[in-house]
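Residue-level structural notes
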Amino acid sequence: MKAEGRCNEWGCDWTCGRCHLPNYRPMRLETMKLVKDFPFDDFDTVRKGDWWLSYAYLTGGFTTVVVPTLCKRLDRLKLLADNLGNMSCVREVMITTAGPCVAQVHDMLRLTTPQAANMTTVADMGEWDTIYGPASRFLAARRASGTVLVHLDDDEFPCERQLCLLAAKALKEPIGIYGQHKRTCNEEKGYQIRGDMRRPYAWARAKFNVLLTLFASTSRAFNDAFVRHYDNYATTLASTRGNGEDIAYSHFLLRFYNRTPTFVQKYPCNRWEVNGTSVMSPYFGGFSKLDDHAGMSDRKFFHYMTRRRLCRMLWNRTSWTIAVGHRAPQLVPTTKLTVDTS
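What about the overall build of the protein?
A tally of helices and strands in the protein yields 14 helices and 14 strands. Expressed as a percentage of the 342 residues in the protein, the buried residues total 52%. If you sum the accessible surface of the protein, you get close to 17200 Å²; carbon and sulfur atoms cover 52% of it.

Overview of the side chain of Asn209
Assignment of secondary structure puts Asn209 in the loop between helix H10 (200-205) and strand S9 (210-211). At a separation of 2.8 Å, a polar atom in the side chain of Asn209 contacts the main-chain carbonyl oxygen of Cys185. If near-sequence neighbours (up to four positions away) are discounted, Asn209 is found in contact with Arg183, Thr184, Cys185, Ser250, Pro261 and Trp315.

Quick look at the sheet that holds strand S3 (residues 120-124)
Reading across the sheet, the seven strands line up as S3-S2-S1-S4-S10-S6-S11 and stay open at both edges, with mixed pairing between neighbours. Each end of this open sheet is capped by a strand with a single partner; those strands are S3 and strand S11 (262-263). As defined by bridge partners, strand S1 (residues 63-68) adjoins strand S4 (residues 148-152) across four bridges and the pair is classed as parallel. Residue Thr63 lies in a different strand from S4, and its bridge partner there is Val148. Helix H11 (residues 220-228) contacts S4 and strand S10 (215-219) of the sheet and is inclined by roughly 90° relative to S10.

Side note on the pairing of strand S2 (residues 90-97)
For S2, a buried count of seven out of eight residues is recorded, marking the element as mostly surrounded by other parts of the structure. As defined by bridge partners, S1 adjoins S2 across six bridges and the pair is classed as parallel. Across the sheet, residue Val66 finds its bridge partner in S2, namely Met94. One crossover worth recording links S1 to the parallel S2 by way of helix H4 (residues 74-84), and it is right-handed. Here S2 runs beside S3; their pairing, made up of five bridges, is parallel. Residue pairing for S3: Thr97 is matched across the bridge by Asp124.

The rules behind the values
Residues numbered from 1 in each chain as written. Predicted model: local features only at pLDDT ≥ 70, side-chain atom pairs only at ≥ 80, totals over all residues. Heavy atoms only, no water. Helix = DSSP H or I, 4+ residues; strand = E, 2+ residues; numbered from the N terminus. Buried < 20%, exposed > 50% of the residue type's maximum accessible area, 1.4 Å probe, protein only. Areas by Shrake-Rupley, 256 points an atom, 1.4 Å probe, with all protein chains shown as cover. Polar contact = N/O pair within 3.5 Å; in protein donor to acceptor, adjacent residues only side chain to side chain. Contact = heavy atoms within 4.5 Å. Pairing = 2+ DSSP bridges. Axes fitted to C-alpha atoms, helices over the stretch in contact; angles between N-to-C directions. Right-handed = clockwise from strand over helix to strand, strands pointing away.

Nothing here speaks to function; it is all geometry.
What follows is the structure, encoded as structure tokens:
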């Protein structure tokens, strides 16, 4: 644009950044609507300097959405694929799975819209899924074509503003993890939920050091770094079959980059419907989570016990690396609990 001489127009600075932003002057009705509907929460910051963020957003297609699935919610997965295919910031939808589920996902994609089908790739993780379960999504994400990754469970239904705002955070600051689902890990109490999501302002102030990857964004650069050092977590995650993969993700960010994840409050959807029915979460922001107890967390006793042990083990480390010559720390898979109901 600068080479073409288009930077001399009114409303543009020398970097051409403001050419991609709505102008405050003259403040016509159309301009006011653009400003009001601008998809960033820090509009002034973007307007004054981070023009590349606006350019990337308005150009579109910088995000790969990584969706792991066990094919227990195929009807919802189809709905999710159709919805993601219409989002301006989404370049690619990567569905990670394995085994017979691969063929089922391909059959499902034939029923989606042509746009959604063209944007969706299926990553067959094979034996990696058998070993690492949901943690294999990080391995698959190295093949992503987008600069930004949004990890999304197949029972989550964010609207465009929620997903693209979260993706923009990672575009602006690549080394980080951004999301809404907080947890606390420490060496004493292990895994905790602090605060109440039903009280949005108190929830925003609640302490945390882990963000769940059921709906979270990061950059492909950070994910690639995590995979390069995956050997520090591989044995542990294999022993839990991927349970606690988000804990390891946040732990790596803290230990390797000395940064904690970033909490992002849910952005409210103006109107959000699924199959013609208004879906509003009981939590703040109009976010839809449709849970049919088909996920890993449904086995609550083993799920949370494993996570508590994992937190204690990781946060007891004085360094993020494993000492040379020492066997990698390992969690023993739990046995099925037998309850006497007589």
